[in-house]
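# Structural characterization, general
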Amino acid sequence: MKVIYGVARPDAGTILWEGKPEVVGSPAYARRLGIGMVFQHFSVFPALTVLENILLLSPKGTRRQELAARISELSQEYGLPVNPDATVGMLSVGERQRVEIVRCLLQEPKLLILDEPTSVLTPQAIQELFVMLTRLADAGHSILYISHKLHEIRQLCDTATILRHGKVVATVDPRQETDASLAHHMLGTLVPSLSKGTSAESGAQRLIVESLSRRAETVHGVDLENINLTVFGGEILGIAGITGNGQAELLEAVSGEWQSPSARNVCIDGTAAARLGVTRRRRLGLVYIPEERLGQGSVPGMSLVKNGLLTVQVGKFVRWGVIRMDAVRQFASKCIEEFDVRPATYAISAEALSGGNLQKFIVGRELLQAPGVVVAAQPTWGLDVGAAQSIRQILLKLRASGVAILVISEDLDELLELCDRIAVMANGRISEARAVGETSIAEIGRLMSGEHEPVPANAAGA
Amino acid sequence: MAEINFIVILLIATVTAATPLMLASLGELVAERSGVLNLGVEGMMLVGASVAFAVAASSGSLLLGTVCGALAGALMSLVFAFLTLSCMANQVATGLALTIFGIGVSAYIGSGFTGVSLEVSGPLVVPFISDVTILGTFLLGLEPLTYVTIVLFFCVRWFLYKSRPGLMLRAVGDVPDAAHAIGFSVLGVRYLAVMFGGAMAGVAGAFLSVYYTPVWVENMTAGRGWIAVALVVFAAWNPTRIMFGALLFGGVTILQFHIQSANLGIPTQFLTMLPYAATIAVLVIISSDRARILLNTPASLAVPFRP
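Residues numbered from 1 in each chain as written. Chains lettered and ligands numbered in written order. Predicted model: local features only at pLDDT ≥ 70, side-chain atom pairs only at ≥ 80, totals over all residues. Heavy atoms only, no water.

### Describing the overall build of chain A
When its secondary structure is counted, chain A shows 15 helices and 20 strands. When burial is assessed residue by residue, chain A has 51% of its 462 residues classed as buried. Put simply, 64% of the contacts in chain A that link residues at least 6 apart link residues at least 24 apart. Total accessible area on chain A stands at roughly 21000 Å², and carbon and sulfur atoms take up 52% of it. (Helix = DSSP H or I, 4+ residues; strand = E, 2+ residues; numbered from the N terminus. Buried < 20%, exposed > 50% of the residue type's maximum accessible area, 1.4 Å probe, protein only. Contact = heavy atoms within 4.5 Å. Areas by Shrake-Rupley, 256 points an atom, 1.4 Å probe, with all protein chains shown as cover.)

### Some thoughts on the interface of chain B and chain A
If you look at the interface, chain B gives 17 residues, while chain A gives 22 residues. Here chain B packs against chain A, burying approximately 1700 Å² in sum over the two surfaces, 67% of which is carbon and sulfur. On inspection of chain B and its partner chain A, the count reaches one salt bridge. One salt bridge connects A:E52 with B:R170, and the closest N-O pair in it is separated by 2.7 Å. The tally of links between chain B and chain A comes to five residue pairs in polar contact (both at pLDDT 80 or more). Counting residues per element, the ones that place at least two in the side of chain B that touches chain A are α6 (144–162), α7 (164–174) and α8 (176–182) of chain B. No other element matches α7(B), which puts six residues into the side of chain B that touches chain A. Considering only residue class, the side of chain B that touches chain A consists of eleven nonpolar, two polar and four charged. (Buried area = accessible area lost by both parts, 1.4 Å probe. Salt bridge = Lys/Arg side-chain N within 4 Å of Asp/Glu carboxyl O. Polar contact = N/O pair within 3.5 Å; in protein donor to acceptor, adjacent residues only side chain to side chain. Nonpolar A, V, L, I, M, F, W, Y, C, P; charged D, E, K, R; others polar.)

### Structural notes on the packing of helix α3 (residues 62–86) of chain B against helix α9 (residues 186–212) of chain B
Residues and elements named next belong to chain B. Running from N to C, α3 and α9 point in directions that differ by 145°, and their axes come no closer than 6 Å. Relative to α9, the crossing made by α3 is right-handed. The residue makeup of the contact of α3 with α9, split by class, is 18 nonpolar, seven polar and one charged. (Axes fitted to C-alpha atoms, helices over the stretch in contact; angles between N-to-C directions. Left-handed = near helix turned anticlockwise from the far one by under 90°.)

### Looking at the pairing of strand β17 (residues 404–408) of chain A
Residue and element names in this part refer to chain A. Of all the five residues making up β17, five are buried; the element is thus mostly covered by neighbouring parts of the structure. Here five bridges tie strand β10 (residues 235–240) to β17, and the two strands are oriented parallel to one another. Following the sheet pairing, I236 is matched in β17 by I405. For strand β16 (residues 373–377) and β17, the ladder comprises five bridges, and the chain directions are parallel. (Pairing = 2+ DSSP bridges.)

### A short note on unusual backbone geometry
Residue A:S211 is not a glycine yet carries a positive backbone phi of 30°. Within the secondary structure, A:S211 is located in strand β8 (residues 205–214). Of note, B:A236 is a non-glycine position whose phi angle comes to about 55°, a positive value. The residue B:A236 is located in the loop between α10 (224–234) and α11 (239–262) in this model.

### A closer look at the sheet that holds strand β4 (residues 111–115) of chain A
Backbone hydrogen bonds are what pair the strands of a sheet, in a parallel or an antiparallel way. Residues and elements named next belong to chain A. Pairing in this open sheet of three strands is parallel, and the strands run β3-β4-β5 from one edge to the other. Across the chains shown, the open sheet's two edge strands, defined by having one partner strand only, are β3 (35–38) and β5 (142–146). For this sheet, the mean inter-axis angle between neighbouring strands, taken without regard to orientation, is 10°. Where β3 and β4 come together, four bridges link them in parallel fashion. Among the inter-strand pairings, V38 is bridged to a residue of β4, identified as L114.

### So, helix α12 (residues 355–367) of chain A
Residues lying three or four places apart along an α-helix face the same way, a consequence of the helix completing one turn every 3.6 residues. All names here are of chain A. The first and last C-alpha atoms of α12 sit 18 Å apart over 13 residues, in line with the 18 Å expected at 1.5 Å per residue. Counting buried positions over the 13 residues of α12 gives twelve, a clear majority of the element. Within the sequence span of α12, burial applies to G356, N357, L358, Q359, K360, F361, I362, V363, G364, R365, E366 and L367. Structurally, α12 contributes buried residues whose contacts are with α9 (278–283), β13 (286–289), α10 (304–310), α11 (325–338), β16 and α13 (385–400). (Expected span 1.5 Å × (residues − 1).)

### Notes on the packing of α11(B) against helix α12 (residues 268–286) of chain B
Residues and elements named next belong to chain B. Between α11 and α12, whose axes approach to 9 Å, the crossing angle comes to 155°. Here α11 lies roughly antiparallel to α12, going by the angle between them. The crossing of α11 and α12 is right-handed. Only T268, L271, T272, L274, P275, Y276, A278, T279, V282, L283 and I286 of α12 make contact with α11, whose side of the interface consists of R241, F244, G245, L248, F249, V252, T253, Q256, I259 and Q260. Residue composition of the contact of α11 with α12, by class: 13 nonpolar, seven polar and one charged. (Parallel < 35°, antiparallel > 145°, perpendicular 65-115°, else oblique.)

### Notes on a nonpolar patch on the surface
All names here are of chain B. A contiguous nonpolar surface patch, about 380 Å² in accessible area, is contributed by L264, I266, F270 and M273. Tracing the backbone through its elements, the reader meets M273 in helix α12. M273 gets classed as partly exposed once you look at its relative accessible area, which sits at 40%. (Patch = residues over 30% accessible without salt bridge, like charges linked within 9 Å, V, L, I, M, F, W, Y side chains within 5 Å.)

### Digging into the confidence of the model for chain A
With 89% of its residues at a pLDDT of at least 70, chain A reaches an overall mean of 80. Within the model, pLDDT remains below 50 along residues 453–462 of chain A, and this stretch shows twelve contacts once partners closer than five positions in the same chain are excluded. (pLDDT = per-residue confidence, 0-100.)

### Description of the sheet that holds strand β11 (residues 266–268) of chain A
All names here are of chain A. Read across the open sheet, the four strands follow the order β9-β8-β11-β12; overall the sheet is antiparallel. Each edge of the sheet is formed by a strand with only one pairing partner; in this case those strands are β9 (224–232) and β12 (271–272). When β8 meets β9, the two strands line up antiparallel, connected through six bridges. Along β9, the bridge assignment pairs L207 with V231.

### With respect to the environment of B:H180
Residue and element names in this part refer to chain B. Checked against the element boundaries, H180 lands in helix α8. Given a relative accessible area of 35%, H180 falls into the partly exposed group. Spatially, the C-alpha atoms of H180 and F305 are 9.9 Å apart, while their sequence positions differ by 125 residues.

### Looking at the side chain of B:E28
Along the chain, B:E28 falls in helix α1 (residues 2–33). An unpaired buried charge is present at B:E28: no salt bridge exists, and B:R33, the closest side chain of opposite charge, is 12 Å distant. (Lys, Arg positive; Asp, Glu negative; His and termini not counted.)

### Comments concerning the packing of aromatic side chains
Residues and elements named next belong to chain B. In this structure the tally under the stated criterion is seven aromatic pairs over all chains. Their ring planes at 25° and their centres at 6.3 Å tell us that F207 and Y212 sit as a pair that is stacked. What makes Y212 partly exposed here is its relative accessible area of 24%. The interplanar angle of 80° and the centroid separation of 5.1 Å between the aromatic rings of F249 and Y276 together place this pair among those described as edge-to-face. (Phe/Tyr/Trp six-rings, centres within 6.5 Å; stacked < 30°, edge-to-face > 60°.)

What follows is the structure, encoded as structure tokens:
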């Protein structure tokens, strides 16, 4: 894709655009040809407002007011609510992607490239996006849709090309295929299906969040309103919802990055912990797998050995105030081995690993500490099918051993597959957790768009 | 009437003392917004001051001197830009070296001009304004270059927040990789921004040596270049706050002059320190909102860009 969009240059071969060979030398040239792209790793500018971000890609002489009007018009039409004056740095991952999609659509491209666009949308919004994409396709636009969600491909696409390790392995008509057969092409082997196993049913309330409220600290943050949830040992509780509905604030309150004035807001294994810092909560057996793998989950430039040391209770690896490097290396090796991190060397820096392998390492590092409560934010975001599946399998294994697991994810399929109970966050509130068998995608989708409370006319979006 | 006149004189002195800081900080602001931290402001100011004085004393033209001061500052910053942008040298170390280099070069250029004084032109005569008493006295007392500085402030603010190239510049300072992906020339933008900063520092130096105290003294900027750098940071990269900080510095400078002449027995060294300390203290307090600072900080400041 990067070659098509002019960011990278091909080593060999040509691109035919409207029948003519073209050398796409720059993204600006690609845009002039009518190629628009929504990146998976966003290319938005955090310090600028939404409007300014879009203005940067608009033709010269575009007036701010006109553009703002077009943005609101477009975002309403497609159910992608964005506030043109919001500073992008204050927005969540999901909202940033929305900005990218809107930015792309405003250029009315002939070819629209979308890289994993649905991870941040409600099920209803995905359907609307598909309707919109179909409409664009009918109007003569070409759409290149990159996704690992096979059922989306089957529903939406006319032809599908399957890539594996940079090679085309098959071109198929997705409507004639099944998820399993597509996955087989993708991985070369059959996907190990998740075996959910039985839960330990220990029944103990290991993590309790009780009447937690919190004022937003940033301009575009979300106020948390009376959050209540309980995670039992041997259970995975999922929290669904579109990013930016209070998940970040809730995670900070649970992990200890933000401390509540009232200690009973968060209880870990019976200890009132809401006023404790991150380290003291870790000592109580809580581990946190953050959404941002590079930066929050690991230090990009440090080797895996050093990254391994970071969240481990330091006492284990320090003698006379000196770090015992041999013990740390052993720990890192064990983590790499048990969780199948590749390449299997602890000397490599965190940023050199692929997302999936880094996530396996981070998850491994946390799980080797024998936690009682695991909090995972978007644990499989951006991972390929194989890596995502192994992360899920690890979580399920943990569940079987009686650990309480809280998973916050935008991937509804994942939550339905993984969780015992699901709650939904919208506008800083959380719905009552329901057993997976007793709920439906449609109901969760309704809750995700905040329909259990009075909503202003166009804010629901989906 | 006498009191009013005294206040007007104080105001004139304040704005005039603040002018070099305004110039240097606005220049550094533009450079830093593009993601380049140039710690060589002090050196560029000194070279600007010495070149401007030398040219003005030789040619008799203050304007020509000022223009040459600007060019000298820009040339210094071009060296810096080449080293940090094209050769990807460390910006902090290179900036420090540039200052040390500037101190030496300026002393060399100015060595023949110590003790020379410039013929200062009469005050600017603006028709109409001259008739209004108080305002007239105030506006008349200002140096022409101060007017230019105030106009430049509005230009810079408009450029950064309203114009498309300014938007591009902020984008480059924020996420250079994304700016590159969109198709902007990151290095081109940064070269221009750094050179604008250099020219502004040169003019700031020229203001000191040609207009403010029309003599050349070695090391005459006395740390104003450093204050300019600090001002940009503590003002959270906001041009209006920079102007406020510069005025504060000017005000305290003038105030301590008067305290010195009042002979209160306070050591002069302590009084000379006051403007620097007061400026930093006040700016630290008003910019203590962490979220706001984070939002304004050019995310890629001092990080080299590899295309």
